[in-house]
Amino acid sequence: MNELSVAFLLFFALFLYIAFIEVRIRGKPNLRPMPALDFLKEGLQRAIESGRPLHVSPGTGTVGEKDTAETLAGLGLLEYAHRQGGLYGIPVTSTFFHPTAMLSGYDFKRRFGPTGGRIYFIAPERGIYAAGAAEVLKNERPILNLALGPFGYEFLLLSEAAESYGLDQVAGATDPAVLPFVYSSTEHSLIGEEVFAAKAYLSKEPKALAGVIAQDVMRFILIIGITVGVILKTLGVI
Amino acid sequence: MRKVIPILVAVLSGLTVLADFFITHPILDLVGRTLLQWAMIVAAFAFVAGLLNIFFTHTSRVFHREKGWGYSIVVILAMWAVLVFGFLEPEGPHGYVVSWIFRYVQYPLQATVMALLAFFALSAGYRAFRRRTLESTIMLLTTSLVLLGYAAIMTDLWPMSALKEWILSVPAMAGVRGILLGVALGITATGLRILIGMDKPYSD
Amino acid sequence: MIYCPNCGTANREGSRYCNQCGAPLTPEEGIKCQICGAINSPENEKCTNCGASLKPAPSPEEKPAEELPKVPVFPEEIILTLEEEAPDFLADLRAKAQEVVLPEEERVEEEAEEEKEEEPIIILEERYEEEELPPTPAEEKPTVTVEYREEELPDWLKEAKEIVLPLEPSPPADWLKEVEIPWLEEEIVEVPALAEIPPWLEALRPIEEAPAAPPPEEEAEEKGVLQGLKGLLKPATIFEPPEKIPLRREVAELSLGSEEIQKLVKLKPAAPAVKIKAPPKEIRTHRLIHFILFLAVLIPMLIGWPSMPSGSPPTPLGVEKFFQTVEALPPGSFVLVAFDYEPYMAGEMEAVAYPVLAHLKGKGCHVALISLNPMGPALAQALGERVGLRYGEEFINLGYIPGVEAGLRALGTSEDWLVRYDYLQGKPLDSFPAFQSIKGLKDWNLIVLFSGQSSTLLGWIEQVGSVIEVPMVAGVISGLKPYAEPYLNSGQLKGLLGGMTDAAFYEAVLGKPSEATRAAPVQAFALLIALLVILAGSLTRGGSHA
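Residues numbered from 1 in each chain as written. Chains lettered and ligands numbered in written order. Predicted model: local features only at pLDDT ≥ 70, side-chain atom pairs only at ≥ 80, totals over all residues. Heavy atoms only, no water.

Asker: So what exactly am I meant to see when it comes to the overall build of chain C here?
Answerer: Per the secondary structure count, chain C includes 15 helices and ten strands. A total of 546 residues make up chain C; the buried ones form 35% of that total. Of the contacts formed within chain C by residues at least 6 apart in sequence, a portion of 60% connects residues at least 24 apart. Of the roughly 37,400 Å² of accessible surface on chain C, a fraction of 56% belongs to carbon and sulfur atoms. (Helix = DSSP H or I, 4+ residues; strand = E, 2+ residues; numbered from the N terminus. Buried < 20%, exposed > 50% of the residue type's maximum accessible area, 1.4 Å probe, protein only. Contact = heavy atoms within 4.5 Å. Areas by Shrake-Rupley, 256 points an atom, 1.4 Å probe, with all protein chains shown as cover.)

What follows is the structure, given as structure tokens:
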């Protein structure tokens, strides 16, 4: 089983590199539309017009543990927000669950310039984080609440607080237990792997687009493999 | 050179821990375990940065009399109280005062805050199921059957309980597996991008 | 000041000589300038001080006629005197060249005069500017004067006299008087008499207002920079409230003669047939929903209904397996219990963990509490004390393992037992006699996982369960049960408790009803009420998805 896993990883890495070269040569691929991210861009325009800040939450995860990849996806959105904020003067307020993710927030602030928004480290406890982030929403009154990353049930508290303050939201989570809450409480949501595609959609970076392409190809391979395996198992071959 | 060294360190460290997962070798195990311990120590020191952020952010809010500055005073005082007693007591964070604060302040507050989830889940569901879409209708139907299955404990409607178990085990699990596969692929792609040096979540 | 006529330097009054050049300032003979009074030498034509002409200006009577540009005369060498015999054609040409083109009337008169006068008359041609129109007879004609110097004029021209054109238009000829010029006669237009204005229109005649009183004379400013000025704006007072403008005007009754218009003015709007009710206040729907759910939980808790059914309901498979696994442990077994949930999930998880710990206590097992969560040890300690376990003999607290995945990997792959000290007192594990035989992970008889997150549950199963042969059972929150059941089906988990409902079944099987037995039916009832609320909301009109 380990040998199969190693082979899978090697093939994935190879295809990732090939996809990166393809994107560099042929340009950006056609991506299916994602209404949530289109709404996010509209929200940026409204933020420019109104001068109100954005609130970005990269999830209740850490950098260095099991949910690192989802946290990095949320940090990718935060990087995009800071980039736009530095260009157009949009204040970006961000709340963090873990200090390892908070350090990335300071890094973005240093790279793209201070936007006028604050960086809040709330607490490494999910319930406390949700309550603290809700309080930040109440005080800062952002024009858009962006919550993307590894969330637990505390997401509901944060999103309902934003809803009660009349804020627009774009949210995304990867935990299937939380996805029903994401879908029901926000109108613009990103489900599962769409969280990882957000950075590619927004920044159009070749490396991010290569990741999206590689994921799609590997998914097709897995679907074919599962289908063949089910058929063979049903027929009693394996 | 300034850009190459961080990428090189990240790639080598990641590949070493990954190899340690697949290959059993004493030296590789030692190196992998050491790298993981270093990562834990660095993450622990990141909490110091978090502490400083809390202190300076809330102090600034108090000085500038921003909205909700009274709560910032409470945060600062609570932080200092736990810090001071945690250092002063011989048992440290397991001492009497800190344990008392946790057991009779933090734990009830947290439990209460999350108890509100039930109310928020209901209002979110109420709002979602009023939408006239196919997805909302399917979600409403499934939710009704599962809730009836949970409520069957106090009645003799045991078939509803069996139906609930079937819904949770078969169709819901199928959807969950599909989402988990996609998420796993996304996690793998993100991790591999960092391992091969294509992407770096850190700055130069 | 006296200005020197020589160099122009200004000298003081009374000076006789110039300070600059020494020239006498008062020449003995000189022309006094009429403008500034400076004495200029007789040779100067213009005053050295002010530049005015020193020649006296001629009086209006003596003002000569306007000097016209001289007529180009023939050069002397070609002028032929009348005494010499000139050919006739040349004399005619000379005369014609010097003729003036006059209007017809004058030409006629002129010809008449020419016939009378014997001496030739030289008439200068008038020159008109290009832009000027030919003068009308009424316009004043300038006097044309010819002046020549004696030595230039030929003899026959010397005797020429001034010709003065008539300034006033000559009266029209007799034959012209008889011509009728219609446009010169005044037209008499009959103005029709004023029509009769109907009385209703007469009534609408605007009332002549009294002439407005002249504005009061403005007083001049008495002080300040603008002293003496009139017509200045008054400084506006910033905080003075504006004048109140009456919202209604009293409309004066019109003195109308028409009854119809009177009716129109006095008409009032008809009273509506149906009374329009005011719209009801917007109900705070979500507050009502929350209140309903609160009552659905509070009332059953207070009255003790509903309760678990008295009959023996079928026990879920996971609960049954869990019970059997714990029941199969021999007395004195070592059980590692992981508390991987955070305080905000303690409400449900403690209801799941309590009967299990009570069961382990009843079996006489040695329980070690461990956690991947910094808050876990405190929660475990509190629950262990609540169950009644004796610290150091029946249970110890091993504290917090950092790193989650990394910590579990280290725990699962190491040969020795990594956690050497207890959480409360910091004593080494060897100091506890009940736990001295623990040397590695394989020395444990059972691992019980109480997990609120899928990450910790999967971490234990993948990182630890895959490398050791120690059986594992799990108690999770109800939302995590679907994710844990595949591991139950595959055999990686030997038992599964999913939420408060399964905990209630466990207590029923154990025969020790506790929190879960009381709370599970209330939870079920609240879920039923929530379902009714959701169904009621879905039946009402809602918005469409964005």
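Resuming the write-up.
Asker: It is not clear to me how the interface of chain B and chain A should be interpreted in this structure. Could you clarify?
Answerer: As a measure of interface size, the accessible area lost when the parts come together is often cited. Across the boundary between the two partners, chain B contributes 55 residues, which contact 64 residues of chain A. Both faces considered, chain B and chain A share a buried interface measuring about 4,900 Å² in area, 69% of it formed by carbon and sulfur atoms. The largest per-residue losses of area from chain B upon contact with chain A belong to Phe 22, Leu 185 and Met 198 of chain B, which jointly make up 13% of the total buried on that side. Where chain B meets chain A, there are two salt bridges. Between Glu 160 of chain A and Arg 127 of chain B there is a salt bridge, and its shortest N-O distance comes to 2.8 Å. Only helix 1 (4-22), helix 2 (26-63), helix 4 (96-128), helix 5 (134-151) and helix 7 (171-195) of chain B provide two or more residues apiece to the side of chain B that touches chain A. Considering each element in turn, the side of chain B that touches chain A owes the most residues, 15 residues, to helix 7 of chain B. Across the side of chain B that touches chain A, the residue classes tally to 31 nonpolar, 15 polar and nine charged. (Buried area = accessible area lost by both parts, 1.4 Å probe. Salt bridge = Lys/Arg side-chain N within 4 Å of Asp/Glu carboxyl O. Nonpolar A, V, L, I, M, F, W, Y, C, P; charged D, E, K, R; others polar.)

Asker: Sorry, what's going on with the sheet that holds strand 6 (residues 189-191) of chain A here?
Answerer: Two modes of strand pairing occur in sheets, parallel and antiparallel, and in both the strands are linked by backbone hydrogen bonds. Residues and elements named next belong to chain A. Read from one edge to the other, the open sheet built from six strands follows the order 3-2-1-4-5-6, with strand pairing classed as parallel. The open sheet has two edge strands, strand 3 (119-121) and strand 6, and neither has a second partner. Ignoring strand direction, the axes of neighbouring strands in this sheet form an average angle of 10 degrees. In terms of strand pairing, strand 4 (residues 144-148) meets strand 5 (residues 168-173) through five bridges, oriented parallel. When the bridges of strand 5 are listed, Asn 145 appears paired with Gln 169. The strands touched by helix 2 (residues 35-50) within the sheet are strand 1 (54-57), strand 4, strand 5 and strand 6, with strand 5 carrying the most contacts at an inclination of about 140 degrees. The sheet strands contacting helix 4 (residues 99-112) are strand 2 (92-96) and strand 3, and the helix crosses strand 3 at an angle near 170 degrees. (Pairing = 2+ DSSP bridges. Axes fitted to C-alpha atoms, helices over the stretch in contact; angles between N-to-C directions.)

Asker: How should I be thinking about the pairing of strand 7 (residues 395-400) of chain C in this particular structure?
Answerer: With five of six residues buried, strand 7 of chain C is to be regarded as a mostly interior element. Crossover connection from strand 6 (residues 366-371) of chain C via helix 10 (residues 376-387) of chain C to parallel strand 7 of chain C: handedness right-handed. (Right-handed = clockwise from strand over helix to strand, strands pointing away.)

Asker: Just to check I follow, could you spell out the nonpolar core for this structure?
Answerer: In a soluble, globular protein the nonpolar side chains are often hidden away together inside. The biggest cluster of nonpolar side chains holds 103 residues, and the ones touching the most others in it are Leu 336, Phe 339, Leu 360, Leu 398, Trp 417, Phe 450 and Trp 460 of chain C. For this core, the element with the highest residue contribution is helix 9 (residues 346-363) of chain C, accounting for nine residues. Among the nonpolar cores identified, the runner-up in size contains 46 residues, and Leu 37, Ala 69, Ile 90 and Phe 108 of chain A belong to it. (Core = buried A, V, L, I, M, F, W, Y, C linked by side-chain atoms within 4.5 Å.)

Asker: How should I be thinking about helix 4 of chain A in this particular structure?
Answerer: Residues three or four positions apart in an α-helix share a direction because the helix packs 3.6 residues into each turn. With 14 residues, helix 4 of chain A extends 20 Å from end C-alpha to end C-alpha; this agrees with the ideal 20 Å at 1.5 Å per step. Every buried residue of helix 4 of chain A is accounted for by Pro 99, Thr 100, Ala 101, Met 102, Ser 104, Gly 105, Asp 107, Phe 108 and Phe 112 of chain A. Structurally, helix 4 of chain A contributes buried residues whose contacts are with helix 3 (68-88), strand 2 and strand 3 of chain A together with helix 2 of chain B. Of the residues flanking the end of helix 4 of chain A, it is Gly 113 of chain A, one or two places downstream, whose phi is positive at about 90 degrees. (Expected span 1.5 Å × (residues − 1).)

Asker: Hey, could you run me through the interface of chain B and chain C in this one?
Answerer: Counting residues at the interface gives 39 residues for chain B, matched by 55 residues for chain C. Approximately 4,500 Å² of surface area, both sides summed, lies buried where chain B meets chain C, with 73% of it carried by carbon and sulfur atoms. Put simply, Lys 481 of chain C and Glu 165 of chain B hold a salt bridge, and the shortest N to O gap is 3.6 Å. Summed over the shared surface of chain B and chain C, the result is three residue pairs in polar contact (both at pLDDT 80 or more). Those elements giving two or more residues to the side of chain B that touches chain C turn out to be helix 1, helix 2, helix 4, helix 5, helix 6 (158-169) and helix 7 of chain B. By residue number, the principal contributor to the side of chain B that touches chain C is helix 4 of chain B, which donates 13 residues. (Polar contact = N/O pair within 3.5 Å; in protein donor to acceptor, adjacent residues only side chain to side chain.)

Asker: Where do I start with a nonpolar patch on the surface in this structure?
Answerer: Among the surface-exposed residues, Phe 291, Phe 294, Leu 295, Leu 298, Ile 299, Leu 302, Ile 303 and Trp 305 of chain C lie close enough to one another that they form a single nonpolar patch of about 810 Å² accessible area. One can find Leu 295 of chain C in helix 7 (residues 285-303). (Patch = residues over 30% accessible without salt bridge, like charges linked within 9 Å, V, L, I, M, F, W, Y side chains within 5 Å.)

Asker: Looking at this structure, I do not really get the sheet that holds strand 7 of chain C. What am I missing?
Answerer: All names here are of chain C. The six strands lie next to each other as 7-6-5-8-9-10, forming an open sheet whose pairing is parallel. For this open sheet the edge positions go to strand 7 and strand 10 (496-498), each flanked by a neighbour on one side alone. Averaged over all pairs of adjacent strands, the angle between their axes in this sheet comes to 15 degrees, without regard to strand direction. Pairing of strand 8 (residues 446-451) with strand 9 (residues 472-476) involves five bridges; the strand directions are parallel. What sits directly across from Ser 451, in strand 9, is Val 476. This element, helix 9, spans strand 5 (334-340), strand 6, strand 8, strand 9 and strand 10 of the sheet and lies at about 160 degrees to strand 8. Strand contacts of helix 13 (residues 481-490): strand 9 and strand 10, with the helix running at about 165 degrees to strand 10, the strand carrying the most contacts.

Asker: Sorry if this is basic, but what is going on with the packing of aromatic side chains here?
Answerer: Residues and elements named next belong to chain C. Using the criterion set out here, one finds 16 aromatic pairs over all chains in the structure. Centre to centre, the rings of Phe 334 and Phe 435 are 6.0 Å apart; their planes meet at 55 degrees, and the pair counts as tilted. Residue Phe 334 is located in strand 5, and its partner Phe 435 is located in the loop between helix 11 (405-413) and strand 8; the two are separated by 101 residues in the primary sequence. With relative accessibility at 12%, the residue Phe 334 sits in the buried group. For Phe 435, a relative accessible area of 0% puts it in the buried group. Measuring from centroid to centroid gives 5.7 Å for Phe 339 and Phe 450, while their planes differ by 50 degrees, and the two rings are tilted. Taken together, the positions of Phe 339 in strand 5 and Phe 450 in strand 8 put the pair 111 residues apart, joining distant regions of the chain. Across the pair, exposure class does not vary: Phe 339 and Phe 450 are buried alike. (Phe/Tyr/Trp six-rings, centres within 6.5 Å; stacked < 30°, edge-to-face > 60°.)

Asker: Please explain the packing of helix 3 of chain A against helix 8 (residues 194-203) of chain A as it appears in this structure.
Answerer: Packed helix pairs are specified by the crossing angle of their axes together with the interaxial distance, meaning the distance between the axes. Residues and elements named next belong to chain A. Close contact between helix 3 and helix 8 brings their axes to 8 Å; oriented N to C, the two are set at 25 degrees. Judged on the interaxial angle alone, helix 8 and helix 3 are roughly parallel. Along this stretch, helix 3 crosses helix 8, giving a crossing that reads as left-handed. The residues of helix 8 that touch helix 3, namely those facing Ala 69, Glu 70, Ala 73, Gly 76, Leu 77, Glu 79 and Tyr 80, are Val 195, Phe 196, Lys 199, Leu 202 and Ser 203. (Parallel < 35°, antiparallel > 145°, perpendicular 65-115°, else oblique. Left-handed = near helix turned anticlockwise from the far one by under 90°.)

Asker: Help me out: how do you make sense of the pattern of salt bridges in this one?
Answerer: Where charged atoms from two side chains of opposite charge come close, those side chains can pair. Counted under the stated rule, the structure contains 27 salt bridges over all chains. The residue Asp 216 of chain A makes a salt bridge to Arg 219 of chain A at a minimum N-O spacing of 2.8 Å. Here the residue Asp 216 of chain A and the residue Arg 219 of chain A both occupy positions in helix 9 (residues 206-235), the gap between them amounting to three residues, near one helical turn. By relative accessible area, which is 22% here, Arg 219 of chain A ends up partly exposed. The salt bridge involving Glu 327 of chain C is made with Lys 363 of chain C; its shortest N-O contact spans 3.9 Å. Pair noted here: Glu 327 of chain C is in helix 8 (residues 317-327) and Lys 363 of chain C is in helix 9, with a separation of 36 residues, a long-range link. A relative accessible area of 35% means that Glu 327 of chain C is categorised as partly exposed. What you see here is one network of salt bridges that share partners, running through Glu 79, Arg 83, Asp 107, Arg 110, Arg 111, Lys 199 and Glu 205 of chain A.

Asker: Would you explain unusual backbone geometry in this entry?
Answerer: Despite not being glycine, Arg 141 of chain A has its phi angle at roughly 50 degrees, a positive value. Within the secondary structure layout, Arg 141 of chain A lies in the loop between helix 5 (126-140) and strand 4. Looking at Arg 141 of chain A, the relative accessible area reads 35%, which means it is partly exposed. We note that Arg 65 of chain B has phi near 50 degrees; this positive angle belongs to a residue other than glycine.

Asker: I tried to follow the confidence of the model for chain C on my own but got confused; where do I start?
Answerer: Close inspection of predicted coordinates is inappropriate in any region flagged by low pLDDT. All names here are of chain C. Residue-level pLDDT values for chain C average 73, and 58% of them are 70 or greater. When the criterion is pLDDT under 50, residues 249-254 qualifies, and its contacts beyond four places in sequence or with other chains add up to zero contacts. The complex model carries a pTM of 0.67, and its ipTM stands at 0.88. (pLDDT = per-residue confidence, 0-100.)

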